[in-house]
Structures are given as structure tokens and as C-alpha cells.
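Architecture at a glance
What follows is the residue order along each chain.
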Amino acid sequence: MSNINQIQERKNIILSGSFSTGKSTVFDHLSMSDDFEFYIFKKEPSRKRNIAIIENKKIKQERINTETYIDLSNSIMSNKKFVFDTSIFDTIPYSEKLNVNNDKIVDSLKFMLAYTHNLKNYNVFFFPTGIHEIVNDEYRHSCSKFQREVNDRILELYNRYNIKYTILNKDFNTNISIIKNKCFPNAKKPLRKRGSKKV
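In this text the structure is predicted, and so the values were computed from the model without any measurement.

1. Digging into helix H8 (residues 172-183)
Over its twelve residues, H8 runs 17 Å from end to end, which matches the ideal 16 Å to within 8%, given 1.5 Å per residue. Every buried residue belonging to H8 is among Asn175, Ile176, Ile179, Lys180 and Cys183, and all of these are buried. For H8, the angular spread of the buried residues around the axis is 135°, confining them to a single face. Turned more than 90 degrees off the buried face of H8, the exposed positions are Asn173 and Asn181. For H8, the elements touching its buried residues are strand S1 (12-17), helix H2 (23-31) and strand S4 (122-127). Two or three places before asparagine 173, at the opening of H8, aspartate 171 has a side-chain oxygen 3.3 Å from that residue's backbone nitrogen.

2. Quick look at the pairing of S4
Counting buried positions over the six residues of S4 gives six, a clear majority of the element. Judged by which residues are buried, S4 turns out to be covered on both faces: Tyr122, Val124 and Phe126 on one side and Asn123, Phe125 and Phe127 on the other are all buried. Two elements, S1 and S4, share six bridges in a ladder whose sense is parallel. Within S4, the position partnered with leucine 15 by the bridge is phenylalanine 125. Judged from the two bridges that link them, S4 and strand S5 (residues 166-167) form a sheet pairing that is parallel. Across the sheet, phenylalanine 125 pairs through a bridge with threonine 166, a residue of S5.

3. Quick notes on helix H7 (residues 144-160)
An α-helix turns once per 3.6 residues; consequently, residues spaced three or four apart project the same way. The first and last C-alpha atoms of H7 sit 24 Å apart over 17 residues, in line with the 24 Å expected at 1.5 Å per residue. Every buried residue of H7 is listed here: Phe146, Gln147, Val150, Asn151, Arg153, Ile154, Leu157 and Tyr158. Down the axis of H7, the buried side of the element spans an arc of 165°, and every buried residue falls inside it. A positive backbone phi angle near 55° is found at asparagine 162, which sits one or two residues after H7.

4. Some thoughts on unusual backbone geometry
For serine 20, which is not glycine, the phi dihedral falls at a positive 60°. Within the secondary structure, serine 20 sits in the loop between S1 and H2. On the basis of relative accessible area, serine 20 is assigned to the buried category, the value being 9%.

5. Side note on the packing of aromatic side chains
Scanning all chains against the criterion turns up ten aromatic pairs. Their ring planes at 55° and their centres at 5.0 Å tell us that phenylalanine 89 and tyrosine 158 sit as a pair that is tilted. A residue pair is termed long-range when its members are at least 10 positions apart, and phenylalanine 89 in helix H5 (residues 88-98) and tyrosine 158 in helix H7 qualify at 69 residues. You can call tyrosine 158 buried: its relative accessible area is 1%. One aromatic cluster in this structure is built from Phe89, Phe126, Tyr158 and Tyr165.

6. Remarks on the packing of H2 against H8
In contact at an axis separation of 11 Å, H2 and H8 are set at 60° when each is read in the N-to-C sense. As the angle between them shows, H2 and H8 are arranged oblique. Both H2 and H8 take part in a crossing whose hand is right-handed. Contact with H2, carried on its side by Thr25, Val26, His29 and Leu30, involves Phe172, Ile176 and Ile179 of H8 and no other residues of that element.

What counts as what
- Residues numbered from 1 in each chain as written.
- Predicted model: local features only at pLDDT ≥ 70, side-chain atom pairs only at ≥ 80, totals over all residues.
- Heavy atoms only, no water.
- Helix = DSSP H or I, 4+ residues; strand = E, 2+ residues; numbered from the N terminus.
- Expected span 1.5 Å × (residues − 1).
- Buried < 20%, exposed > 50% of the residue type's maximum accessible area, 1.4 Å probe, protein only.
- Arc of directions from axis to C-beta.
- Contact = heavy atoms within 4.5 Å.
- Polar contact = N/O pair within 3.5 Å; in protein donor to acceptor, adjacent residues only side chain to side chain.
- Pairing = 2+ DSSP bridges.
- Phe/Tyr/Trp six-rings, centres within 6.5 Å; stacked < 30°, edge-to-face > 60°.
- Axes fitted to C-alpha atoms, helices over the stretch in contact; angles between N-to-C directions.
- Parallel < 35°, antiparallel > 145°, perpendicular 65-115°, else oblique.
- Left-handed = near helix turned anticlockwise from the far one by under 90°.

This is the structure in C-alpha cells:
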């Protein structure tokens, strides 16, 4: 099979889960791997734009919802392949917690049905809670109870819409191997690091 055909057959990748579960660490590692050089890496809007959690939380969440919706919508319409460290499903628990009144939430919920039909073009990897300690910084919440609530709500949405996902609850290197084997079942070369091209 030609390299072009292999690229076309590759699926988009979603790293999903609650906060402080290791998504960003894996995301950054994959972005430096030659195996994923044909992917475009889309970082969570709060980190991409340095939106600190100490700012107005509702404004922050509205911004995240809008950008996540746009990014995922564009990925479905594109022939390019993407890696996301969040998804529409991940934004919903935060929006519900903050009672965000944003048209993009409604759009996202409506879009979800169409989105799920397109998830055959995605590999969804779920990072559960209970593996890592919560890291306190300007981006993260620090409440373990809320962390579990987000975790459970995302899983509830996946199960409701019959979303297939792979749970990553192993050590870092094993999780990387699981992702690689899922995305590139015929790959023979080891992961190699390269220059990052996150957007």
C-alpha cells in the first residue's frame, strides 16, 4: 500500500477525559513523534490561548465551547487528519456545572448526533480518573469530586450515543503503545521524536 493510501486511511484521534488524567502529556509526546507527522495537532483552546482558570469561568467556557465546536466541525469536513486533546463531549460537563448559556452548547448538542455518525473516522482514547494525582495550575480545577463527576458524565454521553472508545489506564509507555497499535496496526518502526507542529 502506498504512503498516500496509508495516510488517507488513518483516522482522526481524540484524547478524551477529565482534567489531570494525562491527556496533555500524551498529546505533547505524540506531537513530537514521526509516526504522527501527517497529523495536525489541535490543543485545548484554554491552553492554546492561555486562558487561565482564574478568569471569568463562564466567559472562558463559552470560548472553549465555540472553538471546540469549530475545530471538530472543520475536521469532519477536511481531508486532513487531526489529533485533539478534547472534544465536544468533554466540554459539556463544565458547561453544565457553570450553567453556561451559550448558543454553541445548543449547536454542539444538535451537532452531536451528526458527529457520532462520523466517529467511524475517529479513534477515541479515554483517560479515566484515579491514575494520576491532580496537578494544581492556572488551567486545572483542583476538586477530586468534580474530576470524577466530569469523568462519569463523559462516559455517560459516550454510552448514550454508542461511542466506541479505548480506555488508557496503564502506565505512560504502555498507553503510548496502545495508541500506536490502534492507529497503526501494521507499523513496525518505533516512535521517534521530531519537531512539534501544534496549532
